[in-house]
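Analysis of the macromolecular model
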Amino acid sequence: MKTRQFVLASRPQGLPSSETFRIENIVLNELKDNEVLLKSWYISVDPYMRGRMNDVKSYAASFEVGIPIKGSVVAKVIESKTKSLVKGDIVTGYLPWAEYCNEKAENLRKVDTRTVPPGYYLGILGMPGLTAYFGIMDIGKPKTGETVVISGAAGAVGIVAGQIAKTQGAWVVGITGSDDKCKLLKEQFGFDEALNYKNTKNLKKAIAEICPKGVDVYYDNVGGEITDAVIANLNFHSRIALCGQISLYNSTRIPMGPAILPTLLTRSVKLQGFIVGNYADHFEEARRQLTKWVIDGTLKYTETIIDGFDKLPEAFLGLFAGKNQGKMLIKIE
Ligand code: NDP
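What this report covers is the structure whose coordinates are included nearby. Computed from a predicted model, the values in this text were never measured in an experiment. (Residues numbered from 1 in each chain as written. Predicted model: local features only at pLDDT ≥ 70, side-chain atom pairs only at ≥ 80, totals over all residues. Heavy atoms only, no water.)

Some details on the packing of aromatic side chains
Under the counting rule described, the total for this entry stands at 14 aromatic pairs. Judged by centre distance (6.2 Å) and plane angle (75 degrees), the ring pair of Phe-21 and Phe-316 falls under edge-to-face. A residue pair is termed long-range when its members are at least 10 positions apart, and Phe-21 in strand S2 (residues 21–27) and Phe-316 in helix H9 (residues 312–318) qualify at 295 residues. Ring centres 5.3 Å apart and planes at 50 degrees place the aromatic pair Trp-41 and Tyr-42 in the tilted group. (Phe/Tyr/Trp six-rings, centres within 6.5 Å; stacked < 30°, edge-to-face > 60°. Helix = DSSP H or I, 4+ residues; strand = E, 2+ residues; numbered from the N terminus.)

Things to note about the environment of Leu-130
Here Leu-130 lies in helix H2 (residues 127–140). Residue Leu-130 is classed as buried on the basis of its relative accessible area, which comes to 3%. For the pair Leu-130 and Pro-212, spaced 82 residues apart in the sequence, the C-alpha separation amounts to 30 Å. For Leu-130, the contacting residues outside a window of four places in its chain are Val-276, Phe-283, Ala-286, Arg-287 and Leu-290. (Buried < 20%, exposed > 50% of the residue type's maximum accessible area, 1.4 Å probe, protein only. Contact = heavy atoms within 4.5 Å.)

Observations regarding the pairing of strand S1 (residues 2–8)
Taking burial as the measure, the seven residues of S1 include five buried ones, the bulk of the element. By the bridge criterion, seven bridges tie S1 to S2 in an arrangement that is antiparallel. Following the sheet pairing, Lys-2 is matched in S2 by Val-27. (Pairing = 2+ DSSP bridges.)

In structure tokens, the structure reads:
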């Protein structure tokens, strides 16, 4: 079987460009016992992949130059040499950015696409949904009537985090990068307020106005000046779920910000950075809860789906320009 795959062509300095990626044509090996031949259907692009393009020590190994980029994929089984999967099954796994690939059955999870759209297994029922779930339920732990602020609110994680906070009776404010996204958060996803950081001059003041009782939980997806402004509005005994820092992922130097530790100290703030993998032992229970909420309509979701394998780099770069509402995905027919 012939296939095309994207490899990391070179390590980017700053924002990746077309030179970061290269398409290769290859021929797959013969299928071995316990393997399946997969055709990619939906491929996820995620901000964390930017970190993996650097050659630095982190919680996950770096991508190697000349080796296929890998990420979460929903794929169809085309041929099977295992009893556990048959042709036509839909699976999800950590797979190469390729049109076709061979994979061991033990590394794949079969999913049911009759009740939820296939892309949801890469979004609300995948890694982003799990991240939102644990960040809110285990770290933020909002109580009824508390104010929860979410940055990167209209993205794959943020939309879910905000809605889960609503299930706990919180008053939820989203910070995002356009008026359309603010409208979406309030009208479709039940956020109480939303703030467009791109047209707000004094963020600290705007957050104070929009959160008159102060901020009890901050779910941070972006870092930088937005986070500085939220921290200035934190209440006593507030919590920060430190999930992501996308505003800094393409920085070649870490910018200086205000010294936040005195604020955290004097307001008894609990700050916890976390990686979703820390919660692997609890994925099954979280998936069950998220699936229930999706099916009974408690949680809604949206996706930005771009057609065509060739568009993978464009979709990935779009994350850093705010081109997505909800989960950014590539679809391959
Ligand atoms: P999103 O779907 O939210 O896509 C990224 C969004 O970030 C963009 O749409 C854009 O929205 C916003 N953004 C981009 N650049 C900036 C910037 N300079 N300043 C502010 N906002 C910016 O991504 P995910 O939901 O998948 O991920 C959200 C965050 O969560 C990321 O930081 C990611 O790394 C992190 N994450 C962490 C995990 C963990 O285990 N800790 C797991 C999964 C994700 P806008 O229009 O609002 O600017």
